[in-house]
Amino acid sequence: MPNGPVTGFGVCPHDCYDTCGLKVTVDAGRVTRMAGDPDHAITQGFLCFKVNRYLERLYHPERLLYPLRRVGPKGAGRFVRASWDDALADIGQRLNALRARWGGEAILPYSFAGNMGLLASESLDRRFFAALGASRLDRTICTASAGATARWMFGQSLGPDPETLPDARLILLWGANPAATSVHAIPLLDEARRRGARIVTVDPLATATARRYDQHVALRPNSDVALALGLGHQLIQSGRIDTPFIAERTAGFAEYRPAALEWPLARTAAATGLPPDTIVDLADRLASTRPLLIRAGYGVQRQAQSAQATWAIAALAVITGALMDVGGGFLHGNGDAFPLVPLDQGRTANPPPRRVNMIQLGEALTTLSDPPVAALIVYNSNPAATAPNQAAVLQGLLREDLLTVVHEQMPTDTTRYADWVLPAAMSLEVLDLHTSYWHRYIQLNQPAVPPPGEAVSNPELFRRLARATGLTDPHLFASDEELLDELLTTSADHPWLQGITRARLMESPSQKVRLSAAARPFIDTPVLTPHGRIRLNPPPLAGPPAPDPDAGRPFHLLTPSRRETIKSSFGNVARVRPHEPPTLLMAAADMAALGVEGGDRVRVHNAQGTTVLTVQASSAVPEGTVVSYAVRWLEEAEGSNVNQLTSQRLSDYGGGATFYTTRVSVTGLE
Ligand SMILES: Nc1nc2c(c(=O)[nH]1)N[C@H]1C(S)=C(S)[C@@H](COP(=O)(O)OP(=O)(O)OC[C@H]3O[C@@H](n4cnc5c(=O)[nH]c(N)nc54)[C@H](O)[C@@H]3O)O[C@H]1N2
Ligand SMILES: Nc1nc2c(c(=O)[nH]1)N[C@H]1C(S)=C(S)[C@@H](COP(=O)(O)OP(=O)(O)OC[C@H]3O[C@@H](n4cnc5c(=O)[nH]c(N)nc54)[C@H](O)[C@@H]3O)O[C@H]1N2
Ligand code: SF4
Ligand SMILES: [Mo]
């Protein structure tokens, strides 16, 4: 062992736009410091509030170190330590027995982006479940609808390089709150502003981002379709659209045009709650300012009309010709800037198995038959806290006949319901490769320290499960190094990946894809729709949604990201997690009308369920809207959280979540 501290490189694994490069110092086998990589163009040497306190999570006294077997009734959270051998023997035997009885589709994986590494999130897990013929999980909880809409319109989820943000002169942050959720966008936005840009935030709430920049367009929740089409109406009616661009590069304007013309100024103002002057002024600026960048955050696409909103917003960047400028265009994501071949390609089950949309976990666990879900294997996610329709999710997890295996780093609301809890390594303890959904760096994460106790990485878990179920295909047992090489070599001849080799990454752990920042997406890169043109007609929308039983309730509930945590992660880290009771933010006028005061506990309820929150007045929240940041642990919130109130209704296209289309009633507690 070397004497004195050694510094290596890692990658922040969390589900966050910024995918930071880390400098990790190890001394005598312990991580003693973790900081932002100063040489990383996006990270710029700093981290966020939560990851600045990371060592407290890494060395948390609650870290799971050994397999645990349930001893009490389901959900009671009583466990005893067991050996890996016993755990694997029992799980392997039970999985095989229920496969023999019901077929592989009775097994359901459930995972998301707790660790965004490609090995941790989509490698041997996918191969293992395909080999079992398990039900396939549609991983839709975050961005399915906007991603599908971007692919419908442009053929890819690709946007301008965020490093060109300072070139823009008008920036719309539409349903995005980077001051909380993407703090490394702030220096880029500030620089744009220094160079003369105007930054407009389109958000129902007066967020830290809205307060920081030039203009806050406080539309009514879920009125984005009206605003975007209403702006399109203004531009079309006044002839300020880029007709040659539309003619040469797009298809479907004949469908877009009448849709926009249905939104004259008065109707748009009434639907959005915005003064007509604000709409006219914004349209004027869209028509006259270049480069124009429209960044659609995830706030626009967690609603019932998610695809229509994304389409109508992106169309503004198309009809104005904003895509023609470096620094301009439409930015939802950059996930398709990384043309790596997924590790499950060609290894999916044949015939394709049943698909289960993760948003409908509650329904899957409680109502699916032929076959029922008889085993649930959870990793990289905490669905008891984060999935909608929590009452159904918890009811399903309580089923005594369901085998639930949870691979986790910490005891969570979901491990509580497990039959087996298996200990998971953290990213500082494993090898991985990361891409980003926002910037354009491929990054190598090297293990800094070994996993504690008997914790194992996600790929190692699936090697063990494959062995335990008697599978023998060598692809199920590939080593981490082999997986890494496969990722980097299978598509190594793609021009965007030239020269990005393991050796290069070992020397310099963040490599930018070889797609020039000056290459304008869909102008200098191909439009990958079938006809090679940008589609201005909307995607094929699902039929009219079933009536919302809560539509008539008085308040619109929003549950966006909290600055201090990432969804439920960090919920047990003392210096990070919120210490106040779970809170409902409300306009003072609404509180007065209800006769409640700050600090009062209220029952928030609808047809889905009920949760109890403590009211606090907030000037950031408009009347008629209530806010509770997502999400608190059930354990600290009397056994329920805001996802008691959200539904598993799907969005209009792409099967996305509708967390931000939630109506509730609020009742004071005596
Ligand atoms: N600190 C922190 N960072 C995070 C996360 C976290 O939990 N905490 N989560 C990570 C994850 S998983 C994701 S997906 C991203 C999401 O990060 P963002 O893209 O910023 O998305 P959200 O936080 O979902 O919502 C952004 C804004 O949309 C607004 N909004 C809500 N409804 C509407 C509406 O109908 N119309 C409009 N125009 N706006 C609306 C909300 O008020 C909110 O301010 O952040 C990631 N980063
Ligand atoms: N009401 C409401 N609910 C929401 C949202 C909202 O805006 N409002 N947002 C939704 C969105 S955008 C998202 S992305 C989802 C996120 O929901 P989840 O996917 O449940 O995300 P987290 O709550 O961060 O939980 C991730 C878990 O993975 C574990 N983990 C981390 N790394 C590893 C690893 O390497 N191996 C294993 N086995 N486990 C690991 C962590 O300890 C943590 O418990 O929540 C959704 N839920
Ligand atoms: S959570 Fe996001 S901002 Fe914070 S360190 Fe990780 S990638 Fe960077
Ligand atoms: Mo997300």
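Residues numbered from 1 in each chain as written. Chains lettered and ligands numbered in written order. Predicted model: local features only at pLDDT ≥ 70, side-chain atom pairs only at ≥ 80, totals over all residues. Heavy atoms only, no water.

Moving on, we come to the site of ligand 2. In the vicinity of ligand 2, 31 residues are found, and the nearest of them are Thr-386, Glu-408, Asn-458, Ser-568 and Ser-569. The separation between a nitrogen atom of ligand 2 and a polar side-chain atom of Asn-643 is 2.8 Å. Partitioning the shell around ligand 2 into residue classes produces 12 nonpolar, 14 polar and 5 charged. Counting contributing residues, the shell around ligand 2 receives three or more from each of domain 2 (68–139 + 345–430 + 447–478) and domain 4 (555–668). (Near = heavy atom within 4 Å. Polar contact = N/O pair within 3.5 Å; in protein donor to acceptor, adjacent residues only side chain to side chain. Nonpolar A, V, L, I, M, F, W, Y, C, P; charged D, E, K, R; others polar. Domains from an automatic or database assignment.)

Lining the immediate surroundings of ligand 1 are 34 residues, of which Tyr-17, Asp-203, Asp-224, Thr-565 and Tyr-660 lie closest. One of the side-chain nitrogen or oxygen atoms of Asp-224 is found 2.7 Å away from a nitrogen atom of ligand 1. Between ligand 1 and the protein, one listed contact pairs a nitrogen atom with a backbone N or O atom of Arg-562 at 2.8 Å. Alone, ligand 1 offers 910 Å² of accessible surface; in the complex the protein occludes 99% of this. Residue composition of the shell around ligand 1, by class: 16 nonpolar, 10 polar and 8 charged. (Areas by Shrake-Rupley, 256 points an atom, 1.4 Å probe, with all protein chains shown as cover.)

In terms of domain boundaries, the chain breaks down into domain 1 (6–58), domain 2 (68–139 + 345–430 + 447–478), domain 3 (144–335 + 520–535) and domain 4 (555–668). Each side of the interface is counted separately: domain 1 has 10 residues, and domain 4 has 10 residues. Buried area between domain 1 and domain 4, summed over both chains or domains, comes out near 1000 Å², and the portion from carbon and sulfur atoms is 66%. Per-residue buried area on domain 1 facing domain 4 is highest for Phe-49, Lys-50 and Glu-56; these three make up 57% of the total on that side. With a shortest N-O distance of 2.8 Å, Glu-56 and Arg-575 are connected by a salt bridge. On the surface where domain 1 and domain 4 come into contact, there are 2 residue pairs in polar contact (both at pLDDT 80 or more). (Contact = heavy atoms within 4.5 Å. Buried area = accessible area lost by both parts, 1.4 Å probe. Salt bridge = Lys/Arg side-chain N within 4 Å of Asp/Glu carboxyl O.)

Its place among the elements puts Gln-511 in strand β20 (residues 510–512). Among the residues examined, Gln-511 registers a relative accessible area of 8% and is labelled buried. In terms of polar contacts, Gln-511 uses its side chain to reach the side chain of Arg-514, at 3.3 Å. With residues near it in sequence (within four places) discarded, Gln-511 still touches Arg-440, Tyr-441, Ile-442, Ile-500, Arg-504 and Leu-505. (Helix = DSSP H or I, 4+ residues; strand = E, 2+ residues; numbered from the N terminus. Buried < 20%, exposed > 50% of the residue type's maximum accessible area, 1.4 Å probe, protein only.)

Take the environment of Glu-122 next. Looking at where Glu-122 falls in the secondary structure, it is placed in the loop between α3 (118–121) and α4 (124–132). The sequence separation of Glu-122 and Pro-459 amounts to 337 residues, and the corresponding C-alpha distance is 9.1 Å. In this structure, Glu-122 is in contact with Gly-117 and Leu-343, ignoring residues within four places of it in sequence.

Between Arg-290 and Pro-291 the backbone carries a cis peptide bond, its omega angle lying at -10°. Mapped onto the elements, Pro-291 comes out in the loop between α13 (276–288) and β12 (292–296). With an omega dihedral of -20°, the bond running from Ala-630 to Val-631 counts as a cis peptide bond. A positive phi angle, near 55°, is found at Asn-389, a position not held by glycine.

Three or more residues of helix α11 (residues 253–261) are buried, namely Phe-253, Tyr-256, Ala-259 and Ala-260. Along α11, the residues classed as buried sweep out an arc of 125° about the axis, all on the same side. On the buried face of α11, the contacting elements are α9 (224–237), α10 (243–249), β11 (250–251) and α14 (306–319). (Arc of directions from axis to C-beta.)

Mapping Met-426 onto the fold places it in the loop between β17 (420–423) and β18 (432–434). For the pair Met-426 and Gln-215, spaced 211 residues apart in sequence, the C-alpha to C-alpha distance is 41 Å. Discounting chain neighbours no more than four positions away, the residues touching Met-426 are Tyr-54, Arg-57, Leu-58, Arg-63 and Gln-409.

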